Amino acid sequence: MSDAVATRVGEKKAVPGAMGRAFKLEDTRNIGIMAHIDAGKTTSTERILFYTGVTYKIGSVDEGTATMDWMEQERERGITITSAATTASWDRYGKKYRVNIIDTPGHVDFTVEVERSLRVLDGAVCVFDSVAGVQPQSETVWRQADKYRVPRICFVNKMDRMGADFDHVINTIRKRLGAHPVPLQFPLGREDNFIGIIDFLEEKVIVWLEETLGAKFEIFEVGKLWDKAFVDSRPDVAAALKASAIDKKFYDDHRNKVVEYIAEHDDELIDKYLNGVALTLEEMRKSIRKSTLALKIVPVLAGSAFKNKGIQPLLDAVVDYLPSPLDVPPVEGTDPGTDEVVLRRAADDQPFAALAFKIMSDPFVGHVTYIRVYSGVLKSGSYVVNSGKGTRERISRLLQMHANKREEIGEIYAGDICACVGLKSVNTGDTLCDEEKQIILENIDFPAPVISVAIEPKTKADQDKLSIAMQRLAQEDPTFRVSTEPDTGQTLISGMGELHLEIIVDRMLREYNVQANVGRPQVAYRETIRKNAIGEGKYIKQTGGKGQYGHAKIELHPIPSSSHESMKEMSTDDLDVLAKEVVGGGSAGKWKFDKEHRFLFIDKIVGGSIPREFIAPIEAGIREALDNGVLAGFPMVDVAAVLIDGSYHDVDSNEMAFKIAGSMAFKEACSRAKAVLLEPIMKVEVVVPEEYMAAVFGDLNARRSAIQGTENRAGSNVIRVEVPLAQMFGYATDLRSRTQGRATFTMHFSHYAELPAALAEEVIKKHRGEK
């Protein structure tokens, strides 16, 4: 999404270098639309595209005509699977602003799309369903935004739905997300009578005109709502006032609370407010922007995207309160030559630096890499360096993307998002930079897969096509992994859930014409240890000539178990404290932490009993052993290994011998460390009518669930439980049959927990091939 002048898709190409920056950096907004599944993200994005003039017809998710849901699988299922990028411009204060938008999926199986989008975005719009409020996936995406410190605004959608409750949504944001929501608007009417919004800041009412598809609206002073003659002349306003139970006292109380809350978070305004001086509109807007960027507050707006209400004020809020690339701190990276920290400001005169955050295969142009440019300018036809791999890449073409349509551009500037064609060895999370001034930006962390299925080609002809398809899909999606079962030789594909793998197999058939048979889903178990143990590995081999000699002694410690996300966010200081605890106080020596396995390696060798060059091979041997576990071949997690002793031979010692010794020592220690199996536990939320509660509860109890709580929401009951993933296969069908299709559920990964001994024994026997 370059700053070259935006032409309509399908029109003439932009002339490279013909024009400079079309939008200033401070007039650019990079935002993501994120929410729980079915909250109305794509519908809201479609309305944004319509009102900004990008599209001339409103797309519908239900009819499969949404611009942003361009994949066949998305249109068939009515859900977003892959994040789609587009660009629009919006007039505010007589000035045009560039808004780059990424519409993300809401389904937990595609959480990787949200993760990588938030990594490169400056701000986000969180969409909430006015009936359900905060839902499980809303929490997940909110935590992801917290992780990347992304400022956000909230849009309470579907105010026309039966049971819509604006106050309930505000309360759930406060309670379940621990956020500080500030409602800048209040809905005028609710359910069928929802006609517009009351703006607390401007003290005006906006009512949308149905016949113009929401493109036109009427604005009048809020005082008219208390004018009996005006209300009597407007039956729609009278019905809306009655439905939302608003009177002058209600309005005054709510507005005063909002102004007080804005002032509370701003040291400059609080004195003025406490002294009874009225705050101006400009002061309040400036203060809200400052507090939103500092993550102190979250502005909340209301509307109904499907009924074309509330979108224009949402775009105004994006411009007013969300950051431009200049409001975000300079991006931090490391110099590949010196490992020193390097900062890059968002400016065209800085050396070029960009992050590749998404890769996709386009049937017309081949390999397309989406990049976010943090600094400098990139021209098509120029060369860049992939600093992590040290490879030189040529940018053959630059494309501005509108979902899956593309428009060729000549150059891309700091702060923008675009797609590149011609990059050969770039993966998600790689840094592209200037050849002279290299930098490596922080990579993107992705969650580990929780489910695997066996896959095999149907015919011999599909064999080669299958491996090419899997390779390309794995390059596009970092949470999709391909591995081989060592005992059976079967190919396993792993992902984030049943739907994720179903879509992958469907894409293989449609895009790569590969017919494949898929086995039953398998759970991605993990292994860990429960007590400390010492192990020694000696690898000595004499073969007549130069022999092999490696000897290592290690001590294993279990480390506190945690969810993948929280462990990945541990700072260096936290890990240093953990390393000291493991070795029992004092200096922790040299340590390394592997995020994926949550494995801490501590080197406590003193006096040179093992030369320095053989320490890394010992660690590599332990890591290799970690991958294949000791009980049933599952990866091991939450382990600390302390290298305490060893010996070497002047002639016979080499790296391979110490690698094998490290692996042997680890396996011996594990045999004494009470190894156990861990299973993935899912957070499940079931929305069920009252009459089916008993049947659903009974079924959940039979699935080894732990009830977390229940609540009543808009006439339905919500059951929150934690259930092992192994018990959830086929649950959708079971739930439908028990409730005549009236109940729904959502599920996302929570943490790993120990598998009961009897079940663990079954799993171990099955994977060892015992009866």
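For the structure, see preceding data.
The rules behind these values
Residues numbered from 1 in each chain as written. Predicted model: local features only at pLDDT ≥ 70, side-chain atom pairs only at ≥ 80, totals over all residues. Heavy atoms only, no water. Phe/Tyr/Trp six-rings, centres within 6.5 Å; stacked < 30°, edge-to-face > 60°. Helix = DSSP H or I, 4+ residues; strand = E, 2+ residues; numbered from the N terminus. Buried < 20%, exposed > 50% of the residue type's maximum accessible area, 1.4 Å probe, protein only. Core = buried A, V, L, I, M, F, W, Y, C linked by side-chain atoms within 4.5 Å. Arc of directions from axis to C-beta. Contact = heavy atoms within 4.5 Å.

*Asks:* Even after reading the chapter, I still don't get the packing of aromatic side chains, so can you show me in this structure?
*Replies:* To describe a pair of aromatic rings, one takes the distance between the centres and the angle between the planes. The full count for this structure, using the stated rule, is twelve aromatic pairs. Arranged with centres 6.4 Å apart and planes meeting at 45°, the rings of Phe128 and Trp142 form a pair that is tilted. One end of the pair, Phe128, is in strand 4 (residues 123-129); the other, Trp142, is in helix 4 (residues 136-147), and 14 residues separate them in sequence. Both residues of the pair, Phe128 and Trp142, count as buried. When the ring of Trp226 is compared with that of Tyr251, the centres are 6.0 Å apart and the planes differ by 50°; the resulting orientation is tilted. With Trp226 in the loop between strand 10 (217-221) and helix 6 (228-233) and Tyr251 in helix 8 (residues 248-264), this pair connects stretches of sequence that are 25 residues apart. With a relative accessible area of 26%, Trp226 lands in the partly exposed category. Ring pairing ties together the aromatic residues Phe166, Phe186 and Phe250, which thus form one cluster.

*Asks:* How should I be thinking about the nonpolar core in this particular structure?
*Replies:* One finds Val125, Phe128, Leu188 and Leu225 to be the most contacted residues of the largest nonpolar core, which totals 82 residues. Here this core gets seven residues from one element, more than from any other, and that element is helix 11 (residues 311-321). Core analysis: the second largest hydrophobic core is formed by 49 residues, Phe480, Tyr692, Tyr752 and Ala760 among them.

*Asks:* Even after reading the chapter, I still don't get unusual backbone geometry, so can you show me in this structure?
*Replies:* Working note: non-glycine residues mostly have negative phi, and peptide bonds are mostly trans. One non-glycine residue, Glu203, adopts positive backbone phi at about 55°. Phi at Asn513 is positive, roughly 55°, even though this residue is not glycine. You can call Asn513 partly exposed: its relative accessible area is 48%.

*Asks:* Help me understand helix 18 (residues 693-702) in this model?
*Replies:* For an α-helix, 3.6 residues make a turn, and residues three or four places apart therefore share a direction. For helix 18, the full list of buried residues reads Met693, Val696, Asp699 and Leu700. One side of helix 18 holds all its buried residues, which, seen down the axis, span an arc of 135°. Within helix 18, the exposed residues directed more than 90 degrees away from the buried face are Ala694 and Ala702. Next to the buried residues of helix 18 lie strand 35 (675-688), strand 37 (716-724) and helix 19 (731-739). Positioned one or two residues after helix 18, Arg704 has a phi angle of 60°, which is positive.

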